[in-house]
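Here are the chains, one letter per residue:
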Amino acid sequence: MCKQAGQIFFMTKYIFVTGGVTSSLGKGIIAASLAKLLQARGFKVTIQKFDPYINVDPGTLNPYEHGECFVTEDGAETDLDLGHYERFLNIFTSQANNVTTGRIYQTVINKERAGEFLGKTVQVVPHITDEIKRRMQLIGKTNEYDIVITELGGTVGDIESLPFIEAVRQLQWELPDEDVVVVHLTLIPFLKAAKELKTKPTQHSVKMLSETGVHPDVIVCRTEEPLGNDIKKKIALFCNVKQEAVIEAMDASTIYEVPLLMLREKLDLFCLKKLNIKEFNEPKLDKWKAFLDKLKYPKAKVTIGLIGKYLELQDAYKSILESFIHAGAMNEVKVQVINIHSEFITDDNVGEKLEGLDGLLVAPGFGSRGIEGKIVAVKFAREQGLPFFGICLGMQMAVIEYARNVLGLQNAHSTEMDTNTTNPVINLMEEQKKIKMMGGTMRLGAYPCEIKENTLAHKIYNKVQISERHRHRYEFNNDYLEAFENAGMIASGKNPETSLVEIVELPNHPFFIGVQYHPELKSTVEEPAPLFVHFIAAAKKYNETKSALISSLLQREKE
Ligand code: GLN
């Protein structure tokens, strides 16, 4: 079947992005940037990621292992690169967009147990590679997209990547030449002592890829220094690609700059040429550029404290940090995020630890480590009128703090941390009680929420029906709702079917809101999450009031 993009008709095209030399080169950002440019030229594009590890999905992985777990609308627990795809493209991804070795083997083994291989020996080639190929083309076959970009996790040469590379080799051979592009991302190190860029690792990496039968069409080179024509020529010659297929990817000050760098290097045009697509629009990137301008030239600064426990690894709170960038640009302020380890916050040092902040965000999380520090921090924000925003566990902490310090329920807790508490203000959801298996069994994905009018939540969303994504097992215990509302903490958003509390807030505070869901998962460049936008606006106001107060005090001192 064919479909239309602009004036012409063609089959779904496939772009594969592989990585060489080292990990962490930013394949996801390059893939998302290329996708953005193709989208800006009028094509319908999506991206998927194939990860070579054996976990069926990253849901059971500790954030230290694999960064944040990104949750899609349909409740898939996925790689954090899917977050980049959504933030860049402003589209939803799904379970089909993230596939692991574990998922591939699970499908093949289930088929084997069902007797579907009719007595054959089940092998990596062809059975595993067939399943990989089927999944690589699954989204393409829906005919919803003109171009499907597939990012292969891992680095060429890894043992576990081999079946994926072999599947790409087979597809490169099976599909028409003009339907496939292979992009290889490598590193060109700069040796300071010799003041030279070195191409040898790239040559080796391309050689290794070619030995598996896959020859890259494009080589994208991560570099600290401009490549210059000579280096490009050398890479082209030794790696057997055209010089125009050697793309310089200079380190950028923000990931959001990368699409423009790739535009300048004509990565999109080269891919379109290889795909034999001749008709396309000039890239429409006005909104993107306007966002970048605001991001690069902020008018003021706010300081937000991020209270969490996985702070050594920035990737653990990726979507939250990106949401701050989107919301900061929207408010034309730079958002400086200060990481504060909750484990080290006590009643005695809280004032010192949170000094100078314009807002406090208590992050999502699991388990009891650092819990008491989070509760102390919430109390400080509540009492000092400091803008507060709690996400998932952060909202649960706000509830526990209010129960203990306002309702006077001394031992109030979540049954996640204290199974014996006599005041389980946060407890396990009914449907969670019978669950024994940990993988993929939380309350996951998009659920509706109904917002009460005349509340802060209503002001923020400016509507009554919203839908946000979830990832948790525990919830607000509705047995206590009346007591909370009588004492001043209201449930301003609830699930319309189950009455699960989704949003709590304090009407008598400048900005105090906690949400059981994860608004950071839906924030994109084009549509920043309203909660983050309003939280940053509140922090800006707090900062301005604070500065005005300080200058009037100074003035008075002078007089
Ligand atoms: N541990 C809490 C729960 O499972 C919060 C989860 C989260 O912050 N994502 O309910």
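Residues numbered from 1 in each chain as written. Predicted model: local features only at pLDDT ≥ 70, side-chain atom pairs only at ≥ 80, totals over all residues. Heavy atoms only, no water.

A. View of the overall build of the protein chain. Per the secondary structure count, the protein chain includes 18 helices and 25 strands. Taken over C-alpha atoms, the radius of gyration comes to 26 Å for the protein chain, in line with the 24 Å a tight globule of 559 residues would show. Each of the three principal axes of the protein chain carries a C-alpha extent, and together these read 70 × 70 × 50 Å. Pairs at least 24 residues apart make up 73% of the contacts formed inside the protein chain by residues separated by at least 6 positions. (Helix = DSSP H or I, 4+ residues; strand = E, 2+ residues; numbered from the N terminus. Rg over C-alpha atoms; globule rule 2.2 N^0.38 Å. Contact = heavy atoms within 4.5 Å.)

B. The arrangement of the sheet that holds strand β13 (residues 246–250) in detail. Strand order in the open sheet formed by seven strands is β7-β4-β8-β3-β9-β12-β13, with parallel pairing between adjacent strands. If you trace the sheet from one side to the other, it starts and ends with β7 (98–100) and β13, each paired once. When the angles between neighbouring strand axes are averaged without regard to direction, this sheet yields 20 degrees. Against the sheet, helix α6 (residues 162–174) makes contact with β3 (13–19), β4 (45–51), β7, β8 (147–152) and β9 (180–187), and its axis sits at roughly 145 degrees relative to β9, the strand it touches most. (Pairing = 2+ DSSP bridges. Axes fitted to C-alpha atoms, helices over the stretch in contact; angles between N-to-C directions.)

C. Molecular detail of the sheet that holds strand β22 (residues 474–476). The three strands lie next to each other as β18-β19-β22, forming an open sheet whose pairing is mixed. Among the strands making up the open sheet, the edge pair consists of β18 (413–414) and β22. By the bridge criterion, two bridges tie β18 to strand β19 (residues 424–428) in an arrangement that is parallel. Paired with S414 across the bridge in β19 is I426. Contacts from helix α15 (residues 393–405) reach β18, β19 and β22 within the one sheet, and its direction differs from that of β19 by about 150 degrees.

D. Layout of helix α18 (residues 530–558). Between its first and last C-alpha atoms α18 spans 42 Å; for 29 residues at 1.5 Å apiece the expected length is 42 Å, and the two agree. Every buried residue of α18 is listed here: L531, F532, V533, F535, I536, A538, A539 and N543. (Expected span 1.5 Å × (residues − 1). Buried < 20%, exposed > 50% of the residue type's maximum accessible area, 1.4 Å probe, protein only.)

E. Broad picture of the nonpolar core. The biggest cluster of nonpolar side chains holds 64 residues, and the ones touching the most others in it are I15, I149, V218, V220, M262 and L267. In terms of residues, this core owes the most to one element, helix α1 (residues 27–40), which gives nine residues. Residues within four places of V218 in sequence aside, it is in contact with V181, V182, V183, H184, A245, I247, L267, F270 and C271. I375, A381, L386 and F484 belong to the second largest nonpolar core, which has 41 residues in total. (Core = buried A, V, L, I, M, F, W, Y, C linked by side-chain atoms within 4.5 Å.)

F. Main features of the site of the ligand. With respect to spatial proximity, the complete set of residues near the ligand consists of P364, G365, F366, C392, L393, Q396, E416, R471, H472, R473, Y474 and H518. One of the backbone N or O atoms of R471 is found 2.9 Å from a nitrogen atom in the ligand. A distance of 3.2 Å separates a nitrogen atom of the ligand from a polar side-chain atom of H518. Protein burial of the ligand: of its 300 Å² of free accessible surface, 99% is covered by the chains. Looking at the shell around the ligand, the elements with two or more residues in it are α15 and β21 (465–472). Residues belonging to the shell around the ligand are distributed by class as follows: five nonpolar, four polar and three charged. (Near = heavy atom within 4 Å. Polar contact = N/O pair within 3.5 Å; in protein donor to acceptor, adjacent residues only side chain to side chain. Areas by Shrake-Rupley, 256 points an atom, 1.4 Å probe, with all protein chains shown as cover. Nonpolar A, V, L, I, M, F, W, Y, C, P; charged D, E, K, R; others polar.)

G. Representation of the packing of aromatic side chains. The final tally for this structure, using the stated rule, is 16 aromatic pairs. For the ring pair Y310 and Y317, a centre distance of 6.3 Å and an interplane angle of 40 degrees mean the geometry is tilted. Both residues of the pair, Y310 and Y317, count as buried. Relative to F535, the ring of F324 has its centre 6.2 Å away and its plane inclined at 40 degrees; by these criteria the two rings are tilted. Remark: F535 occurs in helix α18 and F324 occurs in helix α12 (residues 318–331); sequence separation between them is 211 residues. (Phe/Tyr/Trp six-rings, centres within 6.5 Å; stacked < 30°, edge-to-face > 60°.)

H. Region of interest: unusual backbone geometry. That bond from V125 to P126 is cis: its omega, 15 degrees, falls within 30 degrees of zero. Structurally, P126 can be placed in helix α5 (residues 124–138). In the Ramachandran plot, S24 falls in the positive-phi region, its phi being about 60 degrees despite a non-glycine side chain. Structurally, the position occupied by S24 is in the loop between β3 and α1. Overall, S24 belongs to the exposed group, its relative accessible area being 75%.

I. How the structure looks around a nonpolar patch on the surface. On the surface, Y105, I109, V124 and V125 cluster together into a nonpolar patch covering about 310 Å² of accessible area. Secondary structure elements with two or more residues in the nonpolar patch: α4 (101–113) and α5. The residue I109 is located in helix α4 in this model. Taking the relative accessible area as the measure of exposure, I109 reaches 48% and is therefore partly exposed. (Patch = residues over 30% accessible without salt bridge, like charges linked within 9 Å, V, L, I, M, F, W, Y side chains within 5 Å. Salt bridge = Lys/Arg side-chain N within 4 Å of Asp/Glu carboxyl O.)

J. Expanded view of the pattern of salt bridges. Evaluation of the coordinates by the stated rule reveals 34 salt bridges. We note a salt bridge from E372 to R404, for which the minimum N-O separation is 2.9 Å. Placement of E372 in helix α14 (residues 371–384) and of R404 in helix α15 is noted, with a sequence separation of 32 residues between them. According to the relative accessible area criterion, E372 is partly exposed, its value standing at 42%. For R404, a relative accessible area of 15% puts it in the buried group. Each of K49, D51, D79, D81 and E151 takes part in salt bridges that share partners, so that together they form one network.

K. Looking closely at α1. With 14 residues, α1 extends 20 Å between its outermost C-alpha atoms, agreeing within 8% with the 20 Å of an ideal straight helix rising 1.5 Å per residue. Burial runs high along α1: 13 of the 14 residues are buried. Positive backbone phi, approximately 105 degrees, marks G42, located one or two places after α1.

L. Broad picture of the confidence of the model for the protein chain. Confidence in the prediction of the protein chain, expressed as mean pLDDT, is 94, and 98% of residues score 70 or more. For the stretch residues 1–7, pLDDT sits under 50, and the model shows 20 contacts to residues farther than four places along the chain or on other chains. (pLDDT = per-residue confidence, 0-100.)

M. Structural context of the side chain of K13. Locating K13 in the fold gives a position in strand β3. At 3.0 Å, the side chain of K13 forms a polar contact with the backbone oxygen of E178. Reaching out from K13, the side chain makes a polar contact with the side chain of D179 at a distance of 3.0 Å. Non-local contacts of K13, meaning those with residues more than four positions away in its chain, are made with D146, I147, V148, E178, D179, L275 and I277.

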